[in-house]
Amino acid sequence: MATFGMRDDRAETGAVASVSTQAFDVVVIGGGPAGMAAALSAHKASARVAIVEREQHLGGILRQCIHPGFGLSHFKQELTGPEYAQRFIDQVRATDIAPFLDSMVIGIDSGEGAAASASGVNEAPRATAAHTVTLMSPTGMLQLTGRAVVLAMGCRERTRSEIKIPGSRPAGVFTPGLAQRYINIENLKPGSRAVILGSGDIGLIMARRCTLEGISVEGVYELMPYANGLRRNVKNCLHDFGIPLHLSTTVTRVIGHNRVEAVEVSQVDEHLAPIAGTERIVPCDTLLLSVGLIPENELSVGAGVELDPRTRGAVVDQSLQTGVPGIFACGNVLHVHDLADNVTTESDRAGAAAAAYALGGSAGADAGAAGANCQLKVSPAGNAGYALPARITAVALTKLNFRVRRPVDAACVRILADGKELFAGKVRAFKPSVMESFPLPAKVIQRTLDLGASEIVLSVDPVEEA
């Protein structure tokens with residue numbers, strides 16, 4: 001009989017021996033819009049693909065997003081979240097992509113050297129690493145091998161503990177995503193009188209959804225002096241329903257014993273600190289915290305992937321490959337997007353690059369000249385909060401994504417290298433709620449290399465209009 005603190009070698013050996021393994025070219029982790037788009041793109045490139053999803057269904061968060069506004073770019077139609085997801089689910093089902101549902105990935109390991117192909121044929125040794133994705137499924141532990149792995153785990157909501165609101169800990173404090181699931185999936189009413197902290201898109205959408213379900217929304221309170229959601233959501237979700245938006249105001253205390261009874265709100269100064277004497281009590285039984293999203297990168301860190309402290313997503317190059325060869329990232333696990341259509345476009349690129357890598361080519365083979373002589377870092381400056389990709393390894397047209405840290409009515413994007421301005425965009429307005437993109441021409445990358453610089457700087461600088 002084994003005792004505590006002692007290894008049972010026989011049991012351990014038996015457990016390892018019983019783990020079955022299946023081989024694929026590309027393993028996609030996450031079955032939401034990013035994962036499905038990446039899988040379909042890789043499959044189109046003739047790769048054998050697997051999708052691992054921890055829920056019982058594909059579709060991810062879109063299954064509970066029953067509001068319209070999806071598909072305008074990708075399908076040229078306005079769809080609800082479930083409709084948008086179902087189109088991809090149908091496409092996946094029409095292929096031989098292998099779905100592993102109700103399965104939780106517990107680790108990603110890499111092994112150097114030769115690996116068997118998805119067909120089971122041993123190939124000559126090559127530089128590519130064989131990645132092993134270990135997961136727990138309803139039938140037990142399983143290992144999937146593939147030369148390429150696509151990280152598409154999405155993001156999670158920040159909670160009360162991460163923003164440290166003082167007060168008691170009663171029932172009735174939710175993230176808006178949880179409240180959305182209760183209402184749209186579980187058919188449960190989270191409360192009767194709600195206060196929403198944060199004017200991100202999900203908070204705005206839930207203000208409208210609560211109102212439609214007969215829940216009185218006392219107001220949306222925003223720490224910043226501007227709304228953080230898309231303009232269309234401010235209009236459609238707040239203005240059209242007469243829901244007040246209080247800017248430069250935050251919740252400073254939660255009041256209640258068994259259930260939320262009220263919250264204390266206070267105005268904040270230019271340093272975002274509460275102003276003494278501005279406190280007031282707002283009666284409510286529900287508090288929704290729409291205070292930001294965090295990419296789900298615990299698996300990424302475990303696999304040795306470097307994270308960008310600005311996005312909290314992976315550091316990637318223009319093919320969306322991380323610093324670990326053969327591991328790619330896309331969607332909200334890489335950086336938080338504003339539109340699902342943008343997630344699809346980005347993930348399509350990641351899937352194609354992963355397939356190219358797995359099938360023997362370079363992930364950036366179609367992107368232009370690549371090599372050790374092109375190793376550039378991309379950094380944000382000025383009003384730019386981040387720049388993605390953070391590395392450039394090919395001299396080719398590259399799309400840079402970024403968000404500004406604060407709204408500005410007139411500014412332009414400037415591309416700098418070694419202190420010299422190489423390229424500039426048009427003067428226009430920028431808002432933090434919009435994920436921006438900027439084309440970086442190949443000639444600008446080449447000029448940076450010719451200057452002997454190792455870094456490209458994307459700066460968003462205000463412009464005084466005449």
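So, here's what we can say about the structure. In this text, all values refer to a predicted model and were calculated from it rather than measured experimentally. (Residues numbered from 1 in each chain as written. Predicted model: local features only at pLDDT ≥ 70, side-chain atom pairs only at ≥ 80, totals over all residues. Heavy atoms only, no water.)

If you look at the biggest cluster of nonpolar residues, it comprises 66 residues, and the most contacted ones within it are V26, I29, L144 and L151. The leading source of residues in this core is helix 9 (residues 340-358), at eight residues. Not counting chain neighbours up to four residues away, the residues in contact with I29 comprise V52, V105, I108, V133, V149, V150, L151, A152, M153 and L299. Membership of the second largest hydrophobic core comes to 25 residues, among which are C374, V378, A453 and L458. (Core = buried A, V, L, I, M, F, W, Y, C linked by side-chain atoms within 4.5 Å. Buried < 20%, exposed > 50% of the residue type's maximum accessible area, 1.4 Å probe, protein only. Helix = DSSP H or I, 4+ residues; strand = E, 2+ residues; numbered from the N terminus. Contact = heavy atoms within 4.5 Å.)

Now for the environment of S110. Tracing the backbone through its elements, the reader meets S110 in strand 7 (residues 104-111). As for S110 and T145, which are separated by 35 residues in sequence, their C-alpha atoms are 9.3 Å apart. Discounting residues that sit within four places of it in the chain, S110 has contacts with A130, H131 and V324.

This part takes up the side chain of S459. Its place among the elements puts S459 in strand 32 (residues 455-462). Judged by relative accessible area, S459 falls into the buried class, the value being 5%.

Moving on, we get to the sheet that holds strand 14 (residues 216-221). Strand order in the open sheet formed by five strands is 12-19-13-14-15, and the pairing between neighbours is parallel. Taken across any chain shown, the strands that pair with only one partner, and hence form the sheet edges, are strand 12 (173-174) and strand 15 (245-246). The pairing of strand 14 with strand 15 spans two bridges and is parallel. Considered in strand 15, the bridge of Y221 is made with H246. (Pairing = 2+ DSSP bridges.)

We now examine the sheet that holds strand 16 (residues 249-256). Strand order across the open sheet formed by three strands is 16-17-18, with antiparallel pairing between neighbours. Each edge of the open sheet carries a strand with a single partner, namely strand 16 and strand 18 (280-283). The average undirected angle you get between the axes of adjacent strands in this sheet is 30°. Sheet topology note: the strand 16/strand 17 (residues 260-267) ladder contains seven bridges and is antiparallel. Within the sheet, the bridge partner assigned to R253 lies in strand 17 and is E264. (Axes fitted to C-alpha atoms, helices over the stretch in contact; angles between N-to-C directions.)

Summed over the entire model, instances satisfying the criterion amount to twelve salt bridges. Here E298 makes a salt bridge to R156, at a shortest N to O gap of 3.0 Å. Of the two residues, E298 sits in helix 8 (residues 298-302) while R156 sits in strand 11 (residues 155-157), which places them 142 residues apart along the sequence. In this structure, E213 engages R209 in a salt bridge whose closest nitrogen and oxygen atoms are separated by 2.9 Å. Within the structure, one salt-bridge network assembled from shared partners comprises R54, R156, E296 and E298. (Salt bridge = Lys/Arg side-chain N within 4 Å of Asp/Glu carboxyl O.)

This next bit is on unusual backbone geometry. The step from L388 to P389 runs through a cis peptide bond, and the omega angle for that step is 5°. Summarising the element assignment, P389 is placed in the loop between strand 24 (384-388) and strand 25 (391-392). One non-glycine residue, S248, lies in the positive phi region at around 50°. Among the secondary structure elements, S248 is positioned in the loop between strand 15 and strand 16.

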